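Read off the chains here:
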Amino acid sequence: MMKNSFLIVAILLLFTGFAEAETHELVSGRLSLVFNTSRDGIRLVGLKDTGANQEFLSDQPLPLFDLKLLNTQTDEQATVDSNSGWQSVKLTRKDASAELIWVGSKSQGLARLVVKASLELQAAHDRARWQIEVKNGNPSVSVLSVRFPQLKIRELGKNGSVFFPRAPGEVQPGLWRRPFEFNKLYPDAWASMQYLAAYNETKKSGLYVACHDPAGQPKWITVKSSPSEQTVDLRFEHPAADQTRGGNDYSTQGEVVWQLFAGDWFDATQIYRNWVHQDTPWFIGPGPEGREDTSRWMRELPGWLKISRPQDIPKVKEILETIGVPLGVHWYCWHQIPFDNDYPHYFPPQEQFVEGVRELQEAGARVMPYINGRLWDTRDRGGEDYQFSRHAKSAATIDAKGELYIEKYGANEEDGSPVKFAVMCPASRLWQKRLGDIIGELFDRYQVDAVYVDQVAAMPPKLCMEPAHGHTLGGGGWWNQGYWKMFQQIRAKMPPDRVLTAECNAEPFAHVFDGFLSWQWQYENQVPAFQAVYAGAIQCFGRKYGDGPTQDEALRMKAGQQLVYGEQIGWMSPDIVPPNSQNLSFFKKIVRLRWKLGRYFFAGRMQRPPQLTELIPKFQADWQWRDDWVVTSDAVLTGAWSQPQKNKSVLLFVNVSDGRVASDVLFERKDFSPKQTELFVRRITAEKDEEFRPFRPGVPFRVDLAPRDAEAWEIKAVGQ
Ligand SMILES: [Zn+2]
């Protein structure tokens, strides 16, 4: 058998006996990588799917990597890249691996700089795995950041699309012909996972580009189009640990992965899912009954309301009675200090808080007060600097100039000046303890069911430069580790049956929380990639429900999408779903249907959403995320979930429009083993479970949905 995982073709262009330029082709299954080496650099010039005959790289590709460096004596910055300017370079291969080395930059003061890239080829997966190591070698030079990987992707035909990890994940078609830029520091609300993909679904050719970094270290993730060149750049830039400190080195955490796939975002997501499930410390695999360290009530909870005053409690009770299943209540402004002011001095609570918690719990609600997990007001008692400077300041994050990172959120002090918050450093014991004390008091003294911790899984890391905090300066793994330690300590002390949740869905915090508030999932082109990876491992709940002339239509679109995405429904004020309203009736329908199907979401797996075979009308509403925020979707939203261990699947359909919609649906039987020949199907609605009847896969079945209706088709397999 030939060594099909590795092939090298070297074309020697000889000058005075030295190899001036060589071309190397490295092959991993259908994936082909082509490098040109010269005397002073190595260029990546080809990245091809040989099966589909699809070249991905532009004719003017980006350098394989570039480094930003700082001369700590002169404060001058320089950028060097892999293409040229080195004293010597070398590409050596060995079986299914290769090593690329760049020795000694010709730039001033960088003669001792060495970069080594290790490449492993996995032919069975059409995959290339990379690690990069930067040896600085100069005590007066600091590595600030490393850009790798970075790929300039050529247009992938009319049906070309790009996936990137904003909120739950998003797909942008045809980016090559219009201006577009996405650039976020992972981990945060807008860069929740660490992978990108560019693909042509109809050509069945796609490139998956990821950092499989089990430390979840900070990295800038960029997607940037250039319509004039018809290219899209996919880039990861890593702030180095100990940036600005002379002599620091850099090495890839985990590995960088390039891999071919045939299909769309869902297929690319399965590659990432496999890695997350095998190799990350933040993934707690759901057992047969879901995630065991999350209280059962949280796993099952079908929906949420939010309130910010005790006067809303009677309204909540009325809704609970109408809906007839438990709901969570997220309670804002339960404290005497104003919202976004005087943090973190949350105690004492308002007088009605204790009684209100009890009253809501007795009515069947789970009560979850709000706190912020990051901020300390620099004038933390009205306009007075009460504890900040003497107690908290030393544990706050600072920037490269030694100044506090200050954030403002629109609230004002009594004198009209904006409230200025310091961002606390999660590596500091002071902040770890303080947040633990606050949460402990809410659980122990006030007997709340859950505590919501704002911003922790939402805001990007602050690249804190305070040496006294004991962490590496800027980059590194310390930001996540600080929060992990903090919340692991809190969880260890948490009374039984309680729950911790956080804002948004930055993945590295999935194991230290039970729920993520998915309120920012508001994008027209979003796809449920996060749920395809993490459903069951963390419960996602809540969308922001806005105002405006089409708020009722937007409510149906959001609640319907939450159901098919497997989120817990709602998170609106009770005023948005008043008694006897159409909104309440729709909310009730979706919540009750989710209540019946909960096990699919906390112990099952997301499958590819089913396609309706007929042309479905479009539906549109202003979601009011920011200003005018018009979102268009199909009038019928769909989802598919399975419980493989129980040989069951469910297909979900929600008609968010005001008209009747009917269509055929084709169900593929790949969720079940081929031996299981007998299939049965039943229709489930909020009100009724029909009887199972025999079902023939491959034969389309028809859904016929009344206006504002939702139903599920449950399919089970029987037999060996
Ligand atoms: Zn710090």
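Residues numbered from 1 in each chain as written. Predicted model: local features only at pLDDT ≥ 70, side-chain atom pairs only at ≥ 80, totals over all residues. Heavy atoms only, no water.

1. Observations concerning helix α9 (residues 551–565)
In an α-helix, one turn spans 3.6 residues, which is why side chains three or four residues apart end up on the same side.
Here is step 1: For α9, which comprises 15 residues, the first-to-last C-alpha distance of 20 Å matches the rise-based estimate of 21 Å (1.5 Å per residue) to within 8%.
Here is step 2: Buried residues dominate α9, accounting for 12 of its 15 residues.
Here is step 3: Where α9 terminates, the next one or two residues include glycine 566, which has phi positive at roughly 80°. (Helix = DSSP H or I, 4+ residues; strand = E, 2+ residues; numbered from the N terminus. Expected span 1.5 Å × (residues − 1). Buried < 20%, exposed > 50% of the residue type's maximum accessible area, 1.4 Å probe, protein only.)

2. Section: the side chain of serine 28
Here is step 1: Structurally, serine 28 is set in strand β2 (residues 18–28).
Here is step 2: What makes serine 28 buried here is its relative accessible area of 0%.
Here is step 3: In terms of polar contacts, serine 28 uses its side chain to reach the backbone amide nitrogen of glutamine 122, at 3.2 Å. (Polar contact = N/O pair within 3.5 Å; in protein donor to acceptor, adjacent residues only side chain to side chain.)

3. Some thoughts on the sheet that holds strand β37 (residues 648–655)
Here is step 1: With respect to topology, 6 strands assemble into an open sheet ordered β33-β36-β37-β42-β39-β40, the strand pairing being antiparallel. Single-partner strands in this sheet number two, and they are β33 (605–607) and β40 (693–695). Averaged over all neighbouring strand pairs, the angle between strand axes comes to 30°, with direction disregarded.
Here is step 2: For strand β36 (residues 636–643) and β37, the ladder comprises 8 bridges, and the chain directions are antiparallel. (Pairing = 2+ DSSP bridges. Axes fitted to C-alpha atoms, helices over the stretch in contact; angles between N-to-C directions.)

4. Things to note about the environment of proline 214
Here is step 1: Tracing the sequence through the fold places proline 214 in the loop between β17 (205–212) and β18 (219–226).
Here is step 2: Separated by 66 residues in sequence, proline 214 and threonine 280 have C-alpha atoms that sit 4.9 Å apart.
Here is step 3: Residues contacting proline 214, with those up to four places away along its chain left out, are Gln253, Gly254, Trp275, Asp279, Pro281, Trp282 and Trp484. (Contact = heavy atoms within 4.5 Å.)

5. Comments concerning helix α1 (residues 265–279)
Here is step 1: An ideal rise of 1.5 Å per residue puts 21 Å on 15 residues; α1 measures up with 21 Å between its terminal C-alpha atoms.
Here is step 2: The buried fraction of α1 is high, at 11 of 15 residues.
Here is step 3: Along α1, the residues that are buried comprise Trp265, Phe266, Asp267, Ala268, Thr269, Gln270, Ile271, Tyr272, Arg273, Trp275 and Val276.

6. What about the environment of glycine 548?
Here is step 1: In this fold, glycine 548 is placed in the loop between β31 (539–541) and α9.
Here is step 2: Through-space distance from the C-alpha of glycine 548 to that of aspartate 622 is 7.3 Å; in sequence the pair is 74 residues apart.

7. A short note on the coordination of the zinc ion
Here is step 1: Here the zinc ion is held by the protein donor atoms Cys425 (SG), Cys464 (SG), His469 (ND1) and His471 (NE2), which lie 2.1 to 2.4 Å from it.
Here is step 2: One can describe the donor arrangement at the zinc ion as tetrahedral, given that its 4 donor atoms subtend angles of 99 to 128° at the metal.
Here is step 3: Expressed as a motif, the donor residue spacing for the zinc ion is C-x38-C-x4-H-x1-H. The residues histidine 469 and histidine 471 share a single accessibility class, namely buried. (Donors = N, O, S within 2.8 Å, 3.2 Å for Na, K, Ca; no water. Tetrahedral: all angles 85-135°; square planar, octahedral: opposite > 155°, others 65-115°.)

8. Here's the deal with the sheet that holds strand β12 (residues 141–154)
Here is step 1: Taken together, 6 strands build an open sheet; the order of strands is β7-β6-β12-β19-β18-β15 and the sheet is antiparallel. Sheet topology places β7 (77–81) and β15 (181–186) at the edges, where each strand pairs with a single neighbour. Recorded for the sheet is a direction-independent mean angle of 20° between the axes of neighbouring strands.
Here is step 2: Here β12 runs beside strand β19 (residues 231–239); their pairing, made up of 8 bridges, is antiparallel. Within the sheet, the bridge partner assigned to glutamine 150 lies in β19 and is arginine 235.

9. Overview of the domain arrangement of the protein
Here is step 1: Parsing the protein into structural domains produces domain 1 (13–279), domain 2 (296–373 + 425–603) and domain 3 (607–718).
Here is step 2: The centre of domain 2, based on its C-alpha atoms, is set 28 Å off from the matching centre of domain 3.
Here is step 3: On the side of domain 3, 42 residues touch domain 2, which itself brings 38 residues to the contact.
Here is step 4: When the two sides are added together, the surface that domain 2 and domain 3 hide from each other amounts to roughly 3400 Å², 64% of it contributed by carbon and sulfur.
Here is step 5: Ranking the residues of domain 2 by area buried against domain 3 places Met557, Val564 and Tyr600 at the top, with a combined share of 24%.
Here is step 6: Our count for the contact surface shared by domain 2 and domain 3 stands at 3 salt bridges.
Here is step 7: One salt bridge connects aspartate 709 with lysine 589, and the closest N-O pair in it is separated by 3.6 Å.
Here is step 8: Counting across the domain 2 and domain 3 interface gives 16 residue pairs in polar contact (both at pLDDT 80 or more).
Here is step 9: Elements that contribute at least two residues to the side of domain 2 that touches domain 3 include exactly α9 and α10 (582–603).
Here is step 10: For the side of domain 2 that touches domain 3, the leading source of residues is α10, giving 12 residues.
Here is step 11: Considering only residue class, the side of domain 2 that touches domain 3 consists of 16 nonpolar, 11 polar and 11 charged. (Domains from an automatic or database assignment. Buried area = accessible area lost by both parts, 1.4 Å probe. Salt bridge = Lys/Arg side-chain N within 4 Å of Asp/Glu carboxyl O. Nonpolar A, V, L, I, M, F, W, Y, C, P; charged D, E, K, R; others polar.)

10. A short note on the pattern of salt bridges
Here is step 1: Using the criterion set out here, one finds 49 salt bridges in the structure.
Here is step 2: Residue glutamate 614 is joined to arginine 702 by a salt bridge in which the shortest nitrogen-to-oxygen separation is 2.8 Å. Of this pair, glutamate 614 sits in the loop between β33 and β34 (618–622) while arginine 702 sits in strand β41 (residues 701–705), and the two are 88 residues apart along the sequence.
Here is step 3: By relative accessible area, which is 31% here, glutamate 614 ends up partly exposed.
Here is step 4: With a relative accessible area of 43%, arginine 702 lands in the partly exposed category.
Here is step 5: Each of Lys152, Glu229, Asp233 and Arg235 takes part in salt bridges that share partners, so that together they form one network.

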